[in-house]
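Structure assessment
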Amino acid sequence: MPVLLCPGAATSRWLGFGAGVVEALGVRLVSVDRPGLGVSTPETGRFFSDFAGDMRQLCTLRRLGNPAVVANSQGAPFAIACAEAGVASAMALVSGVDEVAAPQFASALPADLRGLVERTASDPDGAEEFFASFTAEAMWNMIMAESPESDLAVYQDPDFAAAYHRALDEGFAQGAAGYARDTVLAMGRWPFALDKIAVPVDIWYGEHDTSHSPDNGALLATRMTTAQRSVVPGIGGALLWTHAEKILTSLLAKATTG
């Protein structure tokens, strides 16, 4: 069964997840570089709807039908775009970035994040220029500095670290414009009618995750009428790699039953 992966911020399609698990469950994992990341051609001024259109075309060309979709971190709103556009049959948002520009979060954001959200709203071009100054090394250092010990045990494993570094290096291989555009879109107001999304949705967060959502998806789950939220103890944002079997088993069941 095909499962489309929307990777996290500034990473190429090669990081993936679920080594061994996808084979055991009979999954064909299809991971896609968004424009400007990896080997995908940059595209200025694009929006979420453009990505959903790209994925519809990919699914037609590769005969994927309407695949289940998994999103990690900054891939979350791009997966939501696919669900809203009718491309996905089911969706799992794993440690997904939340709509931090939602007014309900205005008083809950840390000062530095609130400043970036306000800058993105008032000066999106300037914000995009700021994010375009990031590098693969800066991203890695930020992740290491902000991750709890439970995640560092995953990220600093030599094999995983090598794969993560490769994905970041490829994500920035064409410069930071792709990451910058993704981030401006994710950090602004989302254009989705979340309550109209009809496909089943799993929302997953680790209890130690303090980077992706102010409330670990509690508000997001109430805004999506088909969503089921799970908070997993003992892990943070590395959840996709520590609980791949549980995530995929739930997603596949929802994709086949609708």
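All values reported here derive from a predicted model rather than from experimental measurement. (Residues numbered from 1 in each chain as written. Predicted model: local features only at pLDDT ≥ 70, side-chain atom pairs only at ≥ 80, totals over all residues. Heavy atoms only, no water.)

1. Considering the overall build of the protein
Selection rule: For the purposes of this entry, the term helix denotes a DSSP run of H or I that reaches at least four residues, the term strand denotes a run of E that reaches at least two, and both are numbered from the N terminus. Radius of gyration: C-alpha atoms only; globule rule: 2.2 Å multiplied by the number of residues to the exponent 0.38. The buried label goes to any residue with under 20% of its type's maximum accessible area, the exposed label to any with over 50%, and the partly exposed label to all in between, with areas taken from a 1.4 Å probe on protein chains only. Contact between two residues is taken to exist if any of their heavy atoms lie within 4.5 Å; hydrogens are not considered. Every accessible area reported is derived by Shrake-Rupley at a probe size of 1.4 Å, with residue values counting cover from the shown protein chains alone. Only four residue types enter the charge count: Lys and Arg as positive, Asp and Glu as negative, with His and the chain ends excluded. Positions of charges follow a simple convention, taking NZ of Lys, CZ of Arg, CG of Asp or CD of Glu.
Broken down by element type, the protein carries 12 helices and 6 strands. The C-alpha atoms of the protein give a radius of gyration of 17 Å, which matches the 18 Å a tight globule of 258 residues would have. In terms of principal-axis extent, the alpha carbons of the protein reach across some 45 × 40 × 35 Å. The buried share among the 258 residues of the protein stands at 54%. In the protein, 75% of the contacts between residues at least 6 apart in sequence involve partners at least 24 apart. For the protein, the accessible area works out to roughly 11,200 Å², and carbon and sulfur atoms hold 53% of it. Within the protein, the 29 negative side-chain charges are centred at a point lying 8 Å from the centre of the 17 positive side-chain charges.

2. Description of the state of the cysteines
Applicable threshold: Cysteine sulfur atoms are paired as a disulfide whenever they fall within 2.5 Å.
The final tally for this structure, using the stated rule, is 0 disulfides. The closest cysteine sulfur to the non-disulfide-bonded Cys59 is located on Cys82, 7.5 Å from its own sulfur. In this structure Cys59 comes out as buried when scored by relative accessible area, which is 5%. There is no disulfide at Cys82, and the cysteine sulfur nearest it, in Cys6, is 5.1 Å away.

3. Considering the side chain of Asp209
Our working rule: As used in this structure description, the phrase polar contact means that two N or O atoms lie within 3.5 Å; if the pair is within protein, one of them must be able to donate a hydrogen and the other to accept it, and residues adjacent in sequence are counted only when both atoms belong to side chains.
Relative to the assigned elements, Asp209 resides in the loop between strand 5 (201–206) and helix 10 (218–223). In this structure the side chain of Asp209 is engaged in a polar contact, spanning 2.8 Å, whose partner is the side chain of His212. Ignoring anything within four residues of it in the chain, the contact list for Asp209 reads Ser95, Asn216, Ile235, Gly236 and Gly237.

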